[in-house]
Amino acid sequence: MEILPKLITKKDVIDKFENEKQYSNWIALKLKSNIYKKVRNNLYALVDPSINDIYSTKFEVASKISESSFICYHSALEYYGIANQVFSNVFVGSLTRFNNFVFNDNEFIFKSAKNIKFVNNIINEGIKVSSLEKTIVDCIDNINLAGGIEEILNALEQIKYLNEKKILEILLDINKMVLYQKVGYLLELYNNQFEFSDNFFKECKIHIGKKVNYLIQYEFKETELNENWKLIVPKNLKSRINGGY
C-alpha cells in the first residue's frame, strides 16, 4: 500500500516521475479522487476519508507554504498553548513572499522575515515556529499581531522559563531602542517569575536613550511615566487580564 505524506509540493515528489506531465496527471488524479486537497498552488494536503478533512493542522500547513516559512506572532502563542484565544488568522513568517490565502476557514497571512536564526524546526511534527523567546519579543514589538496586550500578559503569566541570553541576542538582532524599553519593562514586571539577572536589565538599559516612548498608545485612560524605562505605561497594567482599565 502506498504511504502518502500529509503535505506535498511538486519538489517533494517530482523525482518519482519520468517527466512533469506524468506528475501533473498523478496529482490531477489524486485531487479528482479526493485523496489530496489543494491548499494553494503547489501545496496539497492528504485527506482523511473518515472525516473528509485533511490530516494536517493549520500549523503544519503554515510550515510548508515556503521552504523558509514558520509560525509567528499570535499563531506561535497558540502553538505553544499560551494564547487565551484562537484566531482564524495564521501569521506566517517567510524569507520569500507569498500571497495571503484562505484555506479551511483560516487566512494564512505573510509576514516578512529578516532571517530564520530564531526558528525551531520540529521535524517530527513537521512544524517550524519562532522560538518561545523570539515569539515573546516579536509580540511585544508588534502588540496588534499578538492579539493585544491582554494576550501578551496572559502568555507571560503562563510561561515558567525564558532564556535571558537568547532574548538579548534577539533584541540585538532587531536593534530597536523602543523594543529594549518595552521588553525590559514587561519582563521586569514579571521578574518574580522569571528571575532574570540584574545584568540582563542593565544590558537592556545600555541601549535606551533619553527619548520617552509609549508601551501602547490610545488604549488606556490612565497612564503614568515609568522613569526606570522612560516609558509611558498604563496604570495597574496587570489588572488588564482581569478586565481592568
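Just so it is clear, the model here is predicted, and its values are computed rather than measured. (Residues numbered from 1 in each chain as written. Predicted model: local features only at pLDDT ≥ 70, side-chain atom pairs only at ≥ 80, totals over all residues. Heavy atoms only, no water.)

Explain the packing of helix 7 (residues 164-174) against helix 10 (residues 198-206) to me, using residue names and the numbers behind them.
At a minimum axis separation of 10 Å, helix 7 and helix 10 run at an interaxial angle of 10°. When the interaxial angle is binned, helix 7 and helix 10 end up roughly parallel. Every residue of helix 10 that contacts helix 7 at Glu 164, Ile 167, Leu 168 and Leu 171 is listed here: Phe 200, Glu 203 and Cys 204. In the contact of helix 7 with helix 10, the residues fall into five nonpolar, no polar and two charged. (Axes fitted to C-alpha atoms, helices over the stretch in contact; angles between N-to-C directions. Helix = DSSP H or I, 4+ residues; strand = E, 2+ residues; numbered from the N terminus. Parallel < 35°, antiparallel > 145°, perpendicular 65-115°, else oblique. Contact = heavy atoms within 4.5 Å. Nonpolar A, V, L, I, M, F, W, Y, C, P; charged D, E, K, R; others polar.)

Any chance you could break down the sheet that holds strand 11 (residues 213-214) for me, citing the residues and the numbers?
Spatially, 11-13-12 is the arrangement adopted by the three strands of the open sheet, whose pairing is mixed. Here the strands that pair on one side only, and so sit at the sheet edges, are strand 11 and strand 12 (223-226). Note that strand 11 and strand 13 (residues 231-234) share two bridges and pair parallel. Directly across from Tyr 214, in strand 13, lies its bridge partner Ile 232. Running over the sheet, helix 8 (residues 177-189) touches strand 11, strand 12 and strand 13 and is turned about 40° from strand 13. (Pairing = 2+ DSSP bridges.)

Let's hear about the packing of aromatic side chains: which residues, and what values?
Within the structure shown, the criterion is met by 14 aromatic pairs. Residues Trp 26 and Tyr 36 carry aromatic rings whose centres are separated by 6.3 Å and whose planes lie at 55° to one another, so their mutual orientation is tilted. Note that Trp 26 is positioned in helix 2 (residues 20-32) and Tyr 36 in strand 2 (residues 36-40), a separation of 10 residues in sequence. Neither residue differs from the other here; Trp 26 and Tyr 36 are each classed as buried. Aromatic side chains Phe 194 and Phe 196 sit 5.8 Å apart centroid to centroid with 40° between the ring planes, which places their arrangement in the tilted category. What makes Phe 196 buried here is its relative accessible area of 6%. Grouping aromatic residues by their ring pairs yields a cluster made of Phe 194, Phe 196, Phe 200, Phe 201 and Trp 229. (Phe/Tyr/Trp six-rings, centres within 6.5 Å; stacked < 30°, edge-to-face > 60°. Buried < 20%, exposed > 50% of the residue type's maximum accessible area, 1.4 Å probe, protein only.)

Requested: an account of helix 8, with residues and values cited.
Across its 13 residues, helix 8 extends 19 Å between first and last C-alpha, which sits within 8% of the 18 Å expected from 1.5 Å per residue. Taken as a whole, helix 8 has its buried residues at Leu 179, Tyr 180, Gln 181, Lys 182, Val 183, Gly 184, Tyr 185, Leu 186 and Leu 187. (Expected span 1.5 Å × (residues − 1).)

So, the pattern of salt bridges: which residues are in play, and what are the values?
Under the criterion given, the structure shown has nine salt bridges. With a closest N to O distance of 2.6 Å, Lys 6 and Glu 60 form a salt bridge. Of this pair, Lys 6 sits in the segment before strand 1 (7-8) while Glu 60 sits in helix 3 (residues 58-64), and the two are 54 residues apart along the sequence. Residue classification places Glu 60 among the buried residues on the basis of a relative accessible area of 9%. Put simply, Lys 10 and Glu 20 hold a salt bridge, and the shortest N to O gap is 2.6 Å. Within this pair, whereas Lys 10 is found in helix 1 (residues 10-13), its partner Glu 20 is found in helix 2, the two being separated by 10 residues in sequence. Take Lys 10: its relative accessible area is 25%, and that puts it in the partly exposed class. (Salt bridge = Lys/Arg side-chain N within 4 Å of Asp/Glu carboxyl O.)

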